[in-house]
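Architecture and fold: a report
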Amino acid sequence: MPRRRTSSTGEYRVLARGVQAHGAPWIAARARNALRRWVLILTAGGLTFVAALLALVLVPRSATRAARVAMPRESERPDTEPLAAAVARAAASVAAADAALASSRVEAARVVALATARAAAAVDTLSPELRAKRDSLAASSGALGRLIAHAESAPLPASYRALGQSRELRNDPRVRALLDSLTDIENQRDAFGAVGGVDPIFVALTSRASVIGRTIQAIAVEKRAAIRRELAPLRPPAAPAPVAAAVATASDSAAGDTTGGASAAPRVAVALPASADTAARGARADSARARFALARSALDDGRRRALEYQARVDRARELANVAAPPVALLAAALVLGAATGFVVSLLAEMRHPRVADAREVELLAGTRVIAIVQPRPPVPERARRRADLEAPPLIDYGSEAYRLLYLHVSATGSALPLVTVTGDDAPIVATVAANLAAASAYEARSTLLVDGDLNAGAVSGVVRVAPEPGLTGVIFEQVGWAEAVHTATVGRDRTLDVIPSGVWPPKRAVPGAAAERVRRDLTRIAYRYDFAVLVADEAHAERGGTSIVPGPDVIIVARVGFTPLAWLADAVDGLGHTGSRVRGIVLWDVDVPQVPTREEMVAAQRGRRVAA
């Protein structure tokens, strides 16, 4: 039977009652019904599974292509080893040049001091005590001069520390405090490594160390000036003319302030050996420092480019790591598909709720659920006797649900011994009606089963009787009522009379006069039986002008998880408006019965006729 189109009244009623029932039970009922929609779940889940699987396969491939594009070529990788080797060689050259320059300065100072001493000795007339004091002061001034010159040429913490720890400055409290500060700064700088780099804290510490070193150097210069002032009165008298001609003012480039005795004795012009040539070796030292600075700058630039190269490699590896194992991709797509299928089914169920349990059906329809047909295990007794084996397989005479249903509808209060069974699924309605009639037959009552669903005609397939002649022939007056009645065996020595629907012409309505005649005849025939069951679609159950239903008692059959609540509300309202009495609702919570179609039964009937 085609489903009734739900009206706005039924939907409003479902929503109103649904709002009252909203909560955990309502959501649980919707979830149970959503799980019953296997077709929708499999369709939505399958489409999502395929889409997710394709996405999970294509995304890693695109990521792999992006990783290949982002991955730099091996030829772009900067090689810093030659640069580091060049820096090491430049540092070694600077150290060698500094060592050579220091050696030249020492040699030049020694030569100039020796020449000066010789020149002074020629004219020195001081007493031995004053000469000893002068020599001590000259030695101190010379030592300070050499350390000051070394600090100027190599402004490093080691040079400043050597200057501060000299015999002339070690007892100065200011120098001791500055040396302690210099030691602390060096310890802090050591935490940044031997190379140093360009860290701002390292640069600040280096600047602070230079300031402390220059302060120590200024104190040393001040101390040397004091020694020279003390040494000035002890100068020897002017040398005689012959000696003065041989001894002249020494060249600053040869000895500079390294002798320290320039204030105590005249500087002399001497012929310096090649090993004491400080000018040439100073130029070589400056050139070595310049090369070291260039090599250091090139190494820093190479390290920066190496870091950029490594960052690009890491980014490409991150893009390439998007890929996952095939089993993980399959599992993820399967989980996503199952979740999506259930969500789609749940949303469809929430949008158009269906029958879930007896509680919400009674709340919505305002009438009782008089029976619930549920799965039953096979009954061994039905395989012992031939009569049980020949009985229709859909007749379950041992079911308590059908027995209670019969006891409910056969109680006193029925206007006629006739009850109409209707619903939205013809095979289920026919199965419930046939089992209700069989339950009456097992109570030893004469029972009549009439198939008034002219469009479906499923009763003949349930009780396994020929569909013709039937009610269609009676309506068109082609056969009489006696010819339309068939006898069906429903168990051990239990039979009931069946009037099948016959073969109804498509797209044809029951004439009004014929419907009135059939109603009268059915009322008359029903009084001859103890109990009569009529199967009708909804249009006939509502007892319109072309309805063949004679009695007002109606039972509605609804399938759990499939019958819309709005349809059920409309059916109850429609039957109530036509004066019918809804005796109760039967819930079908079993799989759809496999009922042979009317065409198959007609073909089987013709085959038996040909065989006969």
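So, here is what we can say about the structure in this document.

What follows concerns the overall build of the protein. Of regular secondary structure, the protein possesses 22 helices and 8 strands. Taking all 612 residues of the protein together, 43% fall into the buried category. Carbon and sulfur atoms form 58% of the exposed surface of the protein, whose accessible area is close to 31500 Å².

Turning next to the nonpolar core. Counting 39 residues, the largest nonpolar core has Leu405, Leu436, Leu449, Val463, Val533, Ile555 and Val586 as the members making the most contacts within it. Residue contributions to this core peak at 11 residues, all from helix α15 (residues 426-442). The contact partners of Val586, leaving out residues within four places of it in the chain, are Ile370, Ala371, Val373, Leu405, Val432, Ile555, Ile556, Val557 and Ala558. By size, the runner-up hydrophobic cluster in this structure holds 25 residues, among which are Val450, Ala484, Ala536 and Ile548.

Evaluated as defined, the whole model comprises 1 aromatic pair. Ring centres of Tyr406 and Phe531 lie 5.5 Å apart, and the angle between their planes is 90°; on these two criteria the pair is classed as edge-to-face. Here the residue Tyr406 occupies a position in helix α14 (residues 400-409), and Phe531 occupies one in strand β6 (residues 531-535), the gap between them amounting to 125 residues. Positioned over the ring face of Tyr442 is Arg494, at 5.7 Å from the centre of the ring. It is Arg559 that lies over the ring of Phe562; its NZ or CZ is 3.6 Å from the centre.

Take the sheet that holds strand β4 (residues 486-491) next. In spatial order, the strands read β1-β8-β7-β2-β6-β3-β5-β4; together these 8 strands make up an open sheet with mixed pairing. Edge positions in the sheet fall to β1 (369-373) and β4, since each has one partner strand and no second. Strand-to-strand twist of the sheet, defined as the mean angle between neighbouring strand axes without regard to direction, takes the value 25°. As judged from the 4 bridges shared by strand β2 (residues 418-423) and β6, these two strands associate in the parallel manner.

Turning our eyes to something else, we now look at the pairing of strand β7 (residues 553-559). Of all the 7 residues making up β7, 7 are buried; the element is thus mostly covered by neighbouring parts of the structure. On β7, burial covers both faces: Asp553, Ile555, Val557 and Arg559 on one face and Val554, Ile556 and Ala558 on the other are all buried. Examined bridge by bridge, β2 and β7 share 4 bridges and lie parallel to one another. From the neighbouring strand, Thr420 faces β7, where its bridge partner is Val554. Two strands pair when backbone bridges link them, and β7 and strand β8 (residues 581-588) are joined in this way by 7 bridges, in the parallel orientation. Bridging across to β8, Ile556 finds its partner in Ile585. The parallel pair β7 and β8 is bridged by helix α21 (residues 565-577), and the resulting crossover is right-handed.

What follows covers the environment of Ala444. Looking at the secondary structure, you find Ala444 in the loop between α15 and β3 (447-451). Given a relative accessible area of 63%, Ala444 falls into the exposed group. Spatially, the C-alpha atoms of Ala444 and Arg494 are 7.9 Å apart, while their sequence positions differ by 50 residues.

Take the packing of helix α7 (residues 173-190) against helix α8 (residues 200-231) next. A pair of packed helices is characterised by two quantities: the angle between their axes and the separation of those axes. Two elements in contact, α7 and α8, have axes whose closest approach is 10 Å; the angle formed by their N-to-C orientations is 160°. By the criterion of interaxial angle, the relationship of α7 to α8 is roughly antiparallel. Where α7 crosses over α8, the handedness of that crossing is left-handed. Each of Arg174, Val175, Leu178, Leu179, Ser181, Leu182, Ile185, Gln188 and Arg189 in α7 lies in contact with α8, whose residues at this interface are Phe202, Leu205, Thr206, Arg208, Ala209, Ile212, Thr215, Ile216, Ile219 and Glu222. By residue class, the composition of the contact of α7 with α8 is 11 nonpolar, 4 polar and 4 charged.

Cut-off values and rules
Residues numbered from 1 in each chain as written. Predicted model: local features only at pLDDT ≥ 70, side-chain atom pairs only at ≥ 80, totals over all residues. Heavy atoms only, no water. Helix = DSSP H or I, 4+ residues; strand = E, 2+ residues; numbered from the N terminus. Buried < 20%, exposed > 50% of the residue type's maximum accessible area, 1.4 Å probe, protein only. Areas by Shrake-Rupley, 256 points an atom, 1.4 Å probe, with all protein chains shown as cover. Core = buried A, V, L, I, M, F, W, Y, C linked by side-chain atoms within 4.5 Å. Contact = heavy atoms within 4.5 Å. Phe/Tyr/Trp six-rings, centres within 6.5 Å; stacked < 30°, edge-to-face > 60°. Lys NZ or Arg CZ within 6 Å of the ring centre and 35° of its normal. Pairing = 2+ DSSP bridges. Axes fitted to C-alpha atoms, helices over the stretch in contact; angles between N-to-C directions. Right-handed = clockwise from strand over helix to strand, strands pointing away. Parallel < 35°, antiparallel > 145°, perpendicular 65-115°, else oblique. Left-handed = near helix turned anticlockwise from the far one by under 90°. Nonpolar A, V, L, I, M, F, W, Y, C, P; charged D, E, K, R; others polar.

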